[in-house]
Amino acid sequence: MKNTGLALLAVIALASCQKKEEKTETVTTEETTVTAPATEAVAEKECYRKVIAKDSIVVEIEHNGDSIHGIYHWKPYEKDKKISTYKGVTNGNTANVVAQSQQEGMNYKEEVIFAVTGNTLAVKFGEMKEDKGIWKYKDTSKTSEQVLDKVDCN
């Protein structure tokens, strides 16, 4: 009886070791698979900020070729902040993107246009109208802009 118990224990221990080895190989393979694509598509990141009294606007841009994405946060001191993530394309130094925004408990999509010139980024502001579920500038020729300065990304 003791021999049978020892033999059974040895088989269980051996099986456990074999399973652990297989698990380690799988994890290593998965890590390699996940890491390889990330090194192929390296995005360039730029950050811009403007502080007006106690309000601030922050834009982070990550681009790869003419495709861009990032965050656009408007943080007023006394009102609800607007938090947006966006995706779009650039044409020269101008970007036209669609942002997924959240402000005052509402979620919506909106067009955002900004232009990068040297160490500044100009974000357009203006009257908007809804068009197919996306808020777009009513007339881009009647917009104003806020100019943000380039800052180090933290």
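One structure accompanies this document, and this report is about it. (Residues numbered from 1 in each chain as written. Predicted model: local features only at pLDDT ≥ 70, side-chain atom pairs only at ≥ 80, totals over all residues. Heavy atoms only, no water.)

Some points on the overall build of the protein chain
Formally: Secondary structure elements are defined from DSSP: runs of H or I of at least 4 residues count as helices, runs of E of at least 2 residues count as strands, and each element is numbered from the N terminus.
Regarding its fold elements, the protein chain presents 1 helix and 10 strands. In sequence order, the secondary structure elements of the protein chain are arranged as α-β-β-β-β-β-β-β-β-β-β.

So, the state of the cysteines
As a reminder of what qualifies: Two cysteine sulfur atoms form a disulfide, by the criterion used here, when they sit within 2.5 Å. Burial classes: relative accessible area under 20% of the type maximum marks a residue as buried, over 50% as exposed, and values in between as partly exposed (1.4 Å probe, protein chains only).
Considering all chains together, one arrives at 1 disulfide under this definition. The disulfide partner of Cys47 is Cys153, and the gap between their sulfur atoms is 1.9 Å. When the S-S torsion is 115 degrees, as for the bridge of Cys47 with Cys153, the disulfide is right-handed. On the criterion of sequence distance, the pair formed by Cys47 in strand E1 (residues 44-52) and Cys153 in the segment after strand E10 (144-151) is long-range, its members being 106 residues apart. The class of Cys47 is buried, set by a relative accessible area of 4%. Residue class for Cys153 comes out partly exposed when judged on its relative accessible area of 33%.

Topic: the pairing of E10
As a reminder, the rule being used: At least two bridges found by DSSP between two strands is the condition for calling them paired.
Strand direction decides the pairing type here: E1 and E10, joined by 3 bridges, are antiparallel. Its bridge partner being in E10, Cys47 is matched across the sheet by Val151. Across 6 bridges, the pairing between strand E7 (residues 120-125) and E10 is antiparallel. The partner of Lys124 across the bridge, within E10, is Glu145.

Remarks on unusual backbone geometry
The phi angle at Ala53 is positive, at roughly 55 degrees, despite the residue not being glycine. Summarising the element assignment, Ala53 is placed in the loop between E1 and strand E2 (55-64). Relative accessible area serves as the criterion here: at 79%, Ala53 is assigned to the exposed category. You will see that Lys132, though not glycine, has its phi angle at about 55 degrees, which is positive. Mapped onto the fold, Lys132 is located in the loop between strand E8 (128-131) and strand E9 (134-137). Its relative accessible area of 81% is what places Lys132 among the exposed residues.

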